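Remarks on the overall topology
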Amino acid sequence: MTNAPHPERGVARLRVAALLVAALGLLAPACEDPNAVFTGLWKGEVRAEGLVEGYPSLRLGHYGLEVAGTVRFFKTSSEAVEVEQCPCLYVDHRRLDLGAREVVFTTTCGEAVPVEWRLAIRDDEETDQRWLEGTVRPADGSPGEQTIALRLVQTFIGDEERACDDAPP
């Protein structure tokens, strides 16, 4: 009697290993980096009116539990012309909730009351698009709230795209 492994057991083990590798390969694209889930260029396709005016364009970089970026406002959806007043604002006072896939931040235009943005990611499986949807409202708790939706159009943002041209970072 020998202790040599039975050839059929070796083949069965190889098949199981091949199936595991194949399953992991199929799951890998569905896994996203939790430290970069908010990174990208997010564009509003509907003109915002109220607390924020124009077509918003949010450029975010996501690093662990931090985000950095800017919000730009344009007169048209083609982004050809920026609005006159506060065309580019920095994202301040940021909070992330990765479990809820939510980001909260404020923007401030001059001496105006800061505006709080509360946005959560929504994946539209029908169109295969990713959205940031939520509300903007005065950060001081005063009345006034508007809904906003921004579609992810680019998943990489360079450092220069997260800065306003006319203000120090």
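Scroll up for the structure.
Counting of residues starts from 1 at the beginning of each chain's written sequence and follows it residue by residue. The predicted origin of the model limits local features to residues at a pLDDT of at least 70 and limits the giving and counting of side-chain atom pairs to 80 or more, whereas totals for whole chains, interfaces and linings rest on all residues. In computing side-chain properties, one takes all heavy atoms of the structure into account and sets aside hydrogens as well as water.

Here, the term disulfide refers to a pair of cysteine sulfur atoms separated by no more than 2.5 Å. Following the criterion strictly, the structure yields two disulfides and no others. A disulfide bridge connects Cys-86 with Cys-109, and the sulfur atoms are separated by 1.7 Å. Looking along the S-S bond of the Cys-86-Cys-109 disulfide, the torsion reads about 80°, which is the right-handed sense. Taken together, the residues Cys-86 in the loop between strand E3 (66–74) and strand E4 (88–90) and Cys-109 in the loop between strand E6 (102–107) and strand E7 (115–124) connect sequence positions 23 residues apart. Between the sulfur atoms of Cys-88 and its disulfide partner Cys-164 the distance amounts to 2.0 Å. When the S-S torsion is -80°, as for the bridge of Cys-88 with Cys-164, the disulfide is left-handed. Taken together, the residues span a long stretch of sequence, with Cys-88 in strand E4 and Cys-164 in the segment after strand E9 (146–154) at a distance of 76 residues. There is no split in this pair, since Cys-88 and Cys-164 are both buried. To qualify as a helix, a DSSP run of H or I must reach at least 4 residues; to qualify as a strand, a run of E must reach at least 2; elements of each kind are numbered from the N terminus. Burial status follows relative accessibility: with a 1.4 Å probe on protein chains alone, a residue under 20% of its type maximum counts as buried, one over 50% as exposed, and anything between as partly exposed.

Further remarks concern the side chain of His-62. As for its placement among the helices and strands, His-62 is situated in strand E2 (residues 55–63). N or O atoms within 3.5 Å of each other form a polar contact, as long as, within protein, one can give a hydrogen and the other can take it, and as long as residues adjacent in sequence are counted only when both atoms are side-chain atoms. Polar side-chain contacts of His-62 include one of 3.2 Å to the backbone nitrogen of Phe-38.

It is worth spelling out the pattern of salt bridges at this point. Whenever Lys or Arg places a side-chain nitrogen within 4 Å of a carboxyl oxygen from Asp or Glu, that contact is recorded as a salt bridge. One pass over the full model with this rule turns up 16 salt bridges. Where Arg-59 meets Glu-79, a salt bridge forms, and the shortest distance between an N and an O atom there is 4.0 Å. Residue Arg-59 is found in strand E2, and its partner Glu-79 is found in the loop between E3 and E4; the two are separated by 20 residues along the sequence. Using a relative accessible area of 11% as the deciding quantity, one classes Arg-59 as buried. By relative accessible area, which is 18% here, Glu-79 ends up buried.

Here six bridges tie E6 to E7, and the two strands are oriented antiparallel to one another. Bridge pairing links Val-103 to Leu-119 in E7. For two strands to be treated as a pair, DSSP must find at least two bridges joining them. Here E7 pairs with strand E8 (residues 129–138) via ten bridges, running antiparallel. Each bridged residue has a counterpart across the sheet, and for Arg-118 the counterpart in E8 is Thr-135. Between E7 and E8, which follow one another and run antiparallel, lie four residues, and Asp-128 among them has a positive phi close to 60°.

Take it as geometry only, folks, not as evidence of what the structure does.
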